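Examination of the molecular architecture
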Amino acid sequence: MKPYTIDFDLLTGICKSGKVQPVQRRVSQMKMQFADPEAAQKAIDSGDPVLYEFSTLLNDEKKGTLAFGSTIIYPGKIGDEYYMTKGHFHTILDSAEVYYCLSGKGFMMMETPEGDVDLQEVHPGEALYVPGRWAHRSINHGTEPFVMLFVYPGDSGHDYGTIETKGYRKLVVERDGKPVMIDNPKWK
Ligand SMILES: O=P(O)(O)OC[C@H]1O[C@](O)(CO)[C@@H](O)[C@@H]1O
Ligand SMILES: [Fe+2]
């Protein structure tokens with residue numbers, strides 16, 4: 001494999017050269033992850049908005065490689081729950097990941113299989129280190145797109161099943177105009 005460079009706009013996270021194509025996730029792809037599936041269905045019926053998109057350079061997905069890219073979580077809410085990513089553990093559980101916030105602001109919701117929970121707010125110019133073993137989900141509680149660059153080991157893989165079946169232990173919802181972390185009533 002040869003070295004290469006790639007552009008990411010410092011504000012929008014978009015790769016203007018088109019060297020990497022974004023993947024979009026809409027409400028219909030994660031209806032059951034929201035606390036209020038009826039509000040999710042309403043959003044689906046009125047146009048099924050894009051919640052977030054990401055552009056990943058996967059490279060070889062082999063040990064020793066790095067995957068990297070940019071992610072944009074759009075502002076909005078489903079019921080009183082902010083737009084967020086599906087979230088995942090890495091299949092190789094002890095694989096870490098670094099995020100660097102370019103614009104907007106938001107949270108990273110993290111939890112371990114043992115039940116530790118950590119919520120970190122990230123602002124432009126801040127890097128976040130997600131150690132191995134921590135599932136991670138990005139949440140936009142602001143009014144602008146929440147944009148980050150990320151880098152993770154190329155062979156780490158994505159385990160979505162655990163989060164899909166169990167859910168996250170905690171949710172972030174809006175109360176009196178402010179984000180608050182609450183217990184997930186549907187957590188199994
Ligand atoms: O994989 P999810 O939970 O849909 O979230 C997407 C984000 O996570 C990543 O997989 C990185 O962890 C990126 O591709 C993207 O930023
Ligand atoms: Fe990840």
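Residues numbered from 1 in each chain as written. Chains lettered and ligands numbered in written order. Predicted model: local features only at pLDDT ≥ 70, side-chain atom pairs only at ≥ 80, totals over all residues. Heavy atoms only, no water.

Using the following cut-off: UniProt positions are given in the numbering used here, feature names are shortened, and annotations may be inferred rather than shown by experiment.
If you check an unreviewed UniProt entry, the protein appears there as glucose-6-phosphate isomerase from Flexilinea flocculi. Regarding the protein, the UniProt comment filed under Sequence similarities (unreviewed entry) reads as follows: "Belongs to the archaeal-type GPI family." Listed in UniProt under the heading Catalytic activity (unreviewed entry), the comment for the protein reads: "alpha-D-glucose 6-phosphate = beta-D-fructose 6-phosphate".

1. What to know about the packing of aromatic side chains
Quick reminder of the rule: Here a Phe, Tyr or Trp ring, Trp counted by its six-membered ring, pairs with any other such ring whose centre lies within 6.5 Å, and the pair is stacked when the planes are under 30 degrees apart, edge-to-face when over 60, and tilted otherwise. For the purposes of this entry, the term helix denotes a DSSP run of H or I that reaches at least four residues, the term strand denotes a run of E that reaches at least two, and both are numbered from the N terminus. Between buried and exposed lies partly exposed: a residue is buried under 20% and exposed over 50% of the maximum accessible area for its type, with that area taken using a 1.4 Å probe on protein chains only.
Following the criterion strictly, the structure yields 5 aromatic pairs and no others. Judged by centre distance (6.1 Å) and plane angle (50°), the ring pair of Tyr-99 and Phe-150 falls under tilted. On the criterion of sequence distance, the pair formed by Tyr-99 in strand β6 (residues 97-103) and Phe-150 in strand β11 (residues 146-153) is long-range, its members being 51 residues apart. Aromatic pair Phe-150 and Tyr-152: ring centres 5.9 Å apart, planes at 20°, arrangement stacked. You can call Phe-150 buried: its relative accessible area is 5%. By relative accessible area, which is 5% here, Tyr-152 ends up buried. Chaining the aromatic ring pairs together yields one cluster made of Tyr-4, Phe-8 and Phe-68.

2. Quick word on the pattern of salt bridges
Note on pairing: side chains with opposite charge can pair once their charged atoms come close. Convention followed: Only one rule defines a salt bridge in this text: a Lys or Arg side-chain nitrogen within 4 Å of an Asp or Glu carboxyl oxygen.
Enumeration according to the criterion identifies 7 salt bridges in this entry. Linking Arg-175 and Asp-80 is a salt bridge whose minimum nitrogen-to-oxygen distance equals 2.5 Å. Taken together, the positions of Arg-175 in strand β12 (residues 170-175) and Asp-80 in the loop between β4 (77-78) and β5 (81-82) put the pair 95 residues apart, joining distant regions of the chain. Among the residues examined, Arg-175 registers a relative accessible area of 36% and is labelled partly exposed.

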